[in-house]
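This is what each chain is made of:
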Amino acid sequence: MEHQQFIGYQRDLFVEEELNSIRQFENCNHVECAGSALEGQLLGAINQGRALAGNLIGMVCSRSNLSQAFKQVKRNKGVAGIDQLPVGDFAHWYQDHGTVLISSLLRGTYYPEALRMVKIPKSNGGQRQLGIPTVKDRIIQQAVSQILTPIYESEFSDFSYGFRPKRSAHQALHQASTYVNEGRSVVVDMDMKSFFDEVNHDRLMRRLSSRIKDRALLLLIRRYLQSGIMVDGLVSQRIKGTPQGSPLSPLLSNIVLDELDKELERRGHHFVRYADDFSIFVRSPKAGERVKKSISAYLTIKLKLRVNEDKSVVCMSHQTKFLAYTIQDTGCLTIASSSVKRLKGKVRKLCRRNRSVSLETLVSDLRPVLRGWLNYFKYASCSCLLRNLDAWIRRKLRCFRLKQCKRTIGIKRFLTKLGVKSWQSWILALSGKGWWRLSGCPQAHQAMNLQWFIDLGLYNMSVIYKQFKHYSKPPCTRVRTVV
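Residues numbered from 1 in each chain as written. Predicted model: local features only at pLDDT ≥ 70, side-chain atom pairs only at ≥ 80, totals over all residues. Heavy atoms only, no water.

Visitor: Hey, could you run me through the overall build of the chain in this one?
Guide: Helices and strands together make up the secondary structure of the chain, namely 22 helices and 10 strands. Burial statistics for the chain: of 483 residues in total, 52% are counted as buried. Total accessible area on the chain is roughly 23,400 Å²; 51% of this is exposed by carbon and sulfur atoms. (Helix = DSSP H or I, 4+ residues; strand = E, 2+ residues; numbered from the N terminus. Buried < 20%, exposed > 50% of the residue type's maximum accessible area, 1.4 Å probe, protein only. Areas by Shrake-Rupley, 256 points an atom, 1.4 Å probe, with all protein chains shown as cover.)

Here it is as structure tokens:
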């Protein structure tokens, strides 16, 4: 019965060529990598108003959509869930259970498995809880997200940048710096307390049901929202919140906060939102306090979310940070001090002097960390800061290398080999100073000079930053996102 309903809907929504692959999908033995025009057909159906009332669960279970979802999950290289099934073994599992899985999804009898709780450290010293779904549930959630994203993307605000296609944190920073450059240098920095843990399920489902009429898909999403979390072998049920770590969670969070975006636009505020991090830009502290009070009440009463009053402040733009940057009063972007502190913490962890690795391995470990950090902060004005950071990192490496020499004679031989005079090498080797002070001595600088580090392959941020100077500003986002 469900098969006839599924095929009948697809006749109305797809061309005959796509129908052939859909008919064959329930009998396929493994997840295949096949391209299709499913996304384009979905957009056409949306424009004609048909997708809203249709049986979208059939599109979620289509061959091309599940294949694309599998490739995306495999590309993310996530860890296994509570069933301990890794991503690489899913194709073999699907050979035996794929038909039953698709049938249960179409009938509406599928129940997700519990999430595996994982805690990761936060920058402020706390811990963030992540719910890791099984590979099977991650693929299904990714398939649902791929169908719902085009439907909601055209409705989202132009000033929302988090977890959206063709949008980035750099574009959000460009918009924020534009506001400050125009004279709106007072920032209402709002912080929502445990946003992902406070999302009201009933409000979210009501918003979904106003746009989506497929009851089977809505029921599946509701079950994902209420799926339990396993902690120490015990499964606890959830009555609110969207678990961080699932592919569907970013889209659902944007759907929840789109109501906030529409309210801010209706009031005429100038704002930027990236996921649950948003700031409102005004011209005076008095206006900022008034906006903070009214928006806090809206979040608490209307959206049923909690506002962290201790972290929500009204201040000048240079007194706070946004997406790890600091926006100066002129609109210029600089790196927040906390971001520099976090980088130094990572470098210290890698350069621990008791690590039993070679210097070459250490330099190789540092390269992706420094490259990723600089690629994110390439739009900041930070030439002097980067030079100081490079010098500090080189001194950490000198300290690490001297410690590896261990004995006095080892230090002397190492320095002499690198061109330091014998008597000068003995002065440093016989010194009673600690390793960090020894790394700042002239003999250490002479032996392990800049060229020595270049030959070693150390990533030099200040040199690479000069090549980024043509990136004077992040890319503009005046054009609306098209999916």
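Visitor: Got a minute to help me understand the nonpolar core in this structure?
Guide: The nonpolar side chains of a soluble globular protein tend to be buried with one another. Formed by 66 residues in total, the largest nonpolar core has its most connected members in Ile221 and Leu299. Take this core: its biggest share by element is 9 residues, from helix H7 (residues 135–153). Excluding anything up to four places from it in sequence, Ile221 contacts Val144, Leu148, Met205, Leu208, Leu248 and Leu252. One finds Cys382, Leu386, Phe400 and Leu428 within the second-largest nonpolar core, a separate group that totals 61 residues. (Core = buried A, V, L, I, M, F, W, Y, C linked by side-chain atoms within 4.5 Å. Contact = heavy atoms within 4.5 Å.)

Visitor: Help me understand the packing of aromatic side chains, please; the structure alone is not making it clear to me.
Guide: Between two aromatic rings, the relevant description is the distance of the centres plus the angle of the planes. What the rule picks out here adds up to 13 aromatic pairs. With a centroid separation of 6.5 Å and 20 degrees between ring planes, the pair formed by Tyr152 and Phe156 is classed as stacked. Phe156 carries the same exposure label as Tyr152, and that label is buried. One aromatic cluster is present, built from ring pairs that chain together Phe70, Phe90, Trp93 and Tyr94. A cation over an aromatic ring shows up here: Arg223 above the ring of Tyr111, its NZ or CZ 3.9 Å from the ring centre. We note Lys344 situated over the ring of Trp392; from NZ or CZ to the ring centre the distance is 5.1 Å. (Phe/Tyr/Trp six-rings, centres within 6.5 Å; stacked < 30°, edge-to-face > 60°. Lys NZ or Arg CZ within 6 Å of the ring centre and 35° of its normal.)

Visitor: What exactly am I supposed to notice about the packing of helix H6 (residues 90–107) against H7 here?
Guide: If you want to describe how two helices pack, look at the angle between their axes and the distance between the axes. The contact between H6 and H7 brings their axes to 12 Å, and the two run at 55 degrees. Between H6 and H7, the crossing angle belongs to the class labelled oblique. In this structure, the crossing between H6 and H7 has a hand that is right-handed. Residues Phe90, Trp93, Leu101 and Leu105 of H6 form the contact with H7, whose participating residues are Val135, Lys136, Ile139 and Ile140. (Axes fitted to C-alpha atoms, helices over the stretch in contact; angles between N-to-C directions. Parallel < 35°, antiparallel > 145°, perpendicular 65-115°, else oblique. Left-handed = near helix turned anticlockwise from the far one by under 90°.)

Visitor: Would you mind showing me how to read the state of the cysteines here?
Guide: In protein chemistry, a disulfide is the covalent bond that joins the sulfur atoms of two cysteines. One pass over the full model with this rule turns up 0 disulfides. Counting only cysteine sulfurs, Cys399 is the nearest neighbor of Cys351, a cysteine outside any disulfide, at a range of 9.2 Å. (Disulfide = S-S within 2.5 Å.)

Visitor: Help me out: how do you make sense of the pattern of salt bridges in this one?
Guide: Close approach of charged atoms allows side chains with opposite charge to pair. Counting across every chain of the model gives 17 salt bridges. With a closest N to O distance of 3.2 Å, Arg222 and Asp202 form a salt bridge. Placement of the pair is Arg222 in helix H11 (residues 215–226) and Asp202 in helix H10 (residues 201–211), with a sequence separation of 20 residues. Its relative accessible area of 21% is what places Arg222 among the partly exposed residues. Two residues, Glu263 and Arg267, come together in a salt bridge whose shortest N-O distance is 2.8 Å. Residue Glu263 and its partner Arg267 are both found in helix H12 (residues 249–267); the two are separated by 4 residues, about one turn of the helix. We classify Arg267 as partly exposed; its relative accessible area is 31%. A single network of salt bridges, built from pairs that share partners, joins Arg203, Arg207, Asp258, Glu259 and Lys262. (Salt bridge = Lys/Arg side-chain N within 4 Å of Asp/Glu carboxyl O.)

Visitor: Sorry, what's going on with the sheet that holds strand S3 (residues 186–191) here?
Guide: Sheets are built from strands that pair by backbone hydrogen bonding, the pairs being arranged parallel or antiparallel. Spatial ordering of the open sheet is given by S6-S7-S3-S8, a layout of 4 strands whose pairing is antiparallel. One side of each edge strand has no neighbouring strand; the edge strands of this open sheet are strand S6 (270–274) and strand S8 (313–316). Direction aside, neighbouring strands of the sheet carry axes that sit 25 degrees apart on average. With respect to the sheet, helix H13 (residues 285–302) is in contact with S3, strand S7 (277–282) and S8, its orientation differing from that of S3 by roughly 20 degrees. (Pairing = 2+ DSSP bridges.)

Visitor: In this structure, what is going on with the confidence of the model for the chain? I would like to understand it.
Guide: Low-pLDDT portions of the prediction should not be read for the details of their coordinates. When pLDDT is averaged across the chain, the result is 84; 85% of the residues are at 70 or more. Within the chain, the lowest mean pLDDT, 34, falls on helix H2 (residues 16–25), and the highest, 96, falls on helix H15 (residues 359–376). Counting interchain partners and residues more than four positions distant, the pLDDT-below-50 stretch residues 1–39 has 71 contacts. Across residues 478–483, confidence stays below pLDDT 50; counting only partners more than four residues off in sequence or on other chains, it has 19 contacts. (pLDDT = per-residue confidence, 0-100.)

Visitor: Is there a simple way to think about helix H8 (residues 169–181) in this case?
Guide: The α-helix advances 3.6 residues per turn, and as a result positions three or four apart in sequence lie on the same side. A rise of 1.5 Å per residue sets the reference length of H8, with its 13 residues, at 18 Å; its end C-alpha atoms lie 18 Å apart and thus fit the reference within 8%. Burial analysis of H8 places 12 of its 13 residues in the buried class, the great majority of the element. Taken together, the buried positions of H8 are Ala169, His170, Gln171, Ala172, Leu173, His174, Gln175, Ala176, Ser177, Thr178, Tyr179 and Val180. Once H8 ends, the next one or two residues include Gly183, with phi positive near 110 degrees. (Expected span 1.5 Å × (residues − 1).)

Visitor: For this particular structure, what's the right way to read the side chain of His201?
Guide: Residue placement: His201 occurs in helix H10. Among the residues examined, His201 registers a relative accessible area of 3% and is labelled buried. If we ignore the near neighbours within four places in the chain, the residues touching His201 are Arg222, Leu225, Gln226, Arg238, Ile239, Lys240 and Gly241.

Visitor: Would you take a moment to explain the sheet that holds strand S1 (residues 115–121) for this structure?
Guide: Spatial strand order, S2-S1-S4-S5: 4 strands in an open sheet with mixed pairing. Of all strands in the sheet, those bounded by a partner on one side alone are strand S2 (127–132) and strand S5 (234–236). Strand-to-strand twist in this sheet, taken as the mean axis angle between neighbours without regard to direction, amounts to 45 degrees.

Visitor: Where do I start with the environment of Ser439 in this structure?
Guide: For Ser439, the location among the structural elements is in helix H19 (residues 435–439). In the structure, Ser439 is positioned 40 residues away from Cys399 in sequence and 4.9 Å away in space, judged by C-alpha atoms. Excluding residues that lie within four positions of it along the chain, Ser439 makes contacts with Arg395, Arg398, Cys399, Leu402, Ala444 and His445.

Visitor: In this structure, what is going on with the packing of H7 against H11? I would like to understand it.
Guide: The geometry of H7 relative to H11 is characterised by a closest axis approach of 12 Å and an angle of 130 degrees between their N-to-C directions. If you check the angle between H7 and H11, you find them oblique. Considering the relative orientation of H7 and H11, their crossing is left-handed. Here H7 contributes Asp137, Ile140, Gln141, Val144 and Leu148 to the contact with H11, which in turn contributes Leu217, Leu220, Ile221 and Tyr224. Counted by class, the contact of H7 with H11 contains 7 nonpolar, 1 polar and 1 charged residues. (Nonpolar A, V, L, I, M, F, W, Y, C, P; charged D, E, K, R; others polar.)

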